[in-house]
Amino acid sequence: RLPERRAPQRPPRAPGTAPGRRAGRAAAPMVASAIQFKLKSAKGFDRVEFPGVFLSVGDLKRAILRQKFGEGAAGAFALVLSDAASGEELAEDTALVPANTSVLVRRVPLTAAQ
């Protein structure tokens, strides 16, 4: 007589998990998107990475200030951003910039920017 063959038993699914997904397995990490920017005085482009597909102009300005000028530079001058491909100025801080966009950055005195 041959021994009985049994299919391997799967561990029970944890409550609240989707079928096919085992408890304790982490979700795939979100891929970071990037926007390339170039200061007027710079030779090449730098990049700001962020999660998602869009980044607001205001958040992009803050990220550039933090990355290139440090935390204390926020009140010293303003940044004016323009699309590198079209030359269109990105004036509203609430406007959304799509990932993989190239942006040109100019520093201007605060009085000229307001």
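Residues numbered from 1 in each chain as written. Predicted model: local features only at pLDDT ≥ 70, side-chain atom pairs only at ≥ 80, totals over all residues. Heavy atoms only, no water.

### Comments concerning the packing of aromatic side chains
How two aromatic rings sit relative to each other is set out by the distance from centre to centre and by the angle between their planes. Summed over the entire model, instances satisfying the criterion amount to 1 aromatic pair. Ring geometry for Phe69 against Phe77: centres 5.0 Å apart, planes inclined by 80°, an arrangement best described as edge-to-face. On the basis of relative accessible area, Phe69 is assigned to the partly exposed category, the value being 25%. Classification of Phe77 by relative accessible area gives buried; the value is 12%. (Phe/Tyr/Trp six-rings, centres within 6.5 Å; stacked < 30°, edge-to-face > 60°. Buried < 20%, exposed > 50% of the residue type's maximum accessible area, 1.4 Å probe, protein only.)

### Examining the pairing of strand β1 (residues 32-39)
For β1, the buried fraction is high: 6 of the 8 residues fall into the buried class. Taking the residues that link successive antiparallel strands as the turn, the β1-strand β2 (residues 46-51) hairpin has 6 residues. (Helix = DSSP H or I, 4+ residues; strand = E, 2+ residues; numbered from the N terminus. Pairing = 2+ DSSP bridges.)

### A few points about helix α1 (residues 57-69)
With 13 residues, α1 should cover 18 Å at 1.5 Å per step; its first-to-last C-alpha distance of 17 Å lies within 8% of that length. In the stretch just after α1, Gly70 is the one whose phi turns positive, near 85°. (Expected span 1.5 Å × (residues − 1).)

### Overview of the confidence of the model for the chain
Per-residue confidence for the chain gives a mean pLDDT of 81; residues scoring 70 or more make up 67%. Highest mean pLDDT in the chain belongs to strand β6 (residues 96-98) (95); lowest belongs to helix α2 (residues 110-113) (63). (pLDDT = per-residue confidence, 0-100.)

### Notes on a nonpolar patch on the surface
On the surface, a nonpolar cluster with roughly 320 Å² of combined accessible area is contributed by Val53, Phe54 and Leu96. Position of Phe54 relative to the elements: it lies in strand β3 (residues 54-56). (Patch = residues over 30% accessible without salt bridge, like charges linked within 9 Å, V, L, I, M, F, W, Y side chains within 5 Å. Areas by Shrake-Rupley, 256 points an atom, 1.4 Å probe, with all protein chains shown as cover. Salt bridge = Lys/Arg side-chain N within 4 Å of Asp/Glu carboxyl O.)

### Here we look at the sheet that holds strand β7 (residues 102-108)
Across the sheet, which stays open at both edges, the 5 strands sit in the order β2-β1-β7-β4-β5 with mixed pairing between neighbours. In this open sheet, the two edge strands, each paired with only one partner strand, are β2 and β5 (89-90). Two strands pair when backbone bridges link them, and β1 and β7 are joined in this way by 4 bridges, in the parallel orientation. Bridging across to β7, Phe37 finds its partner in Val103.

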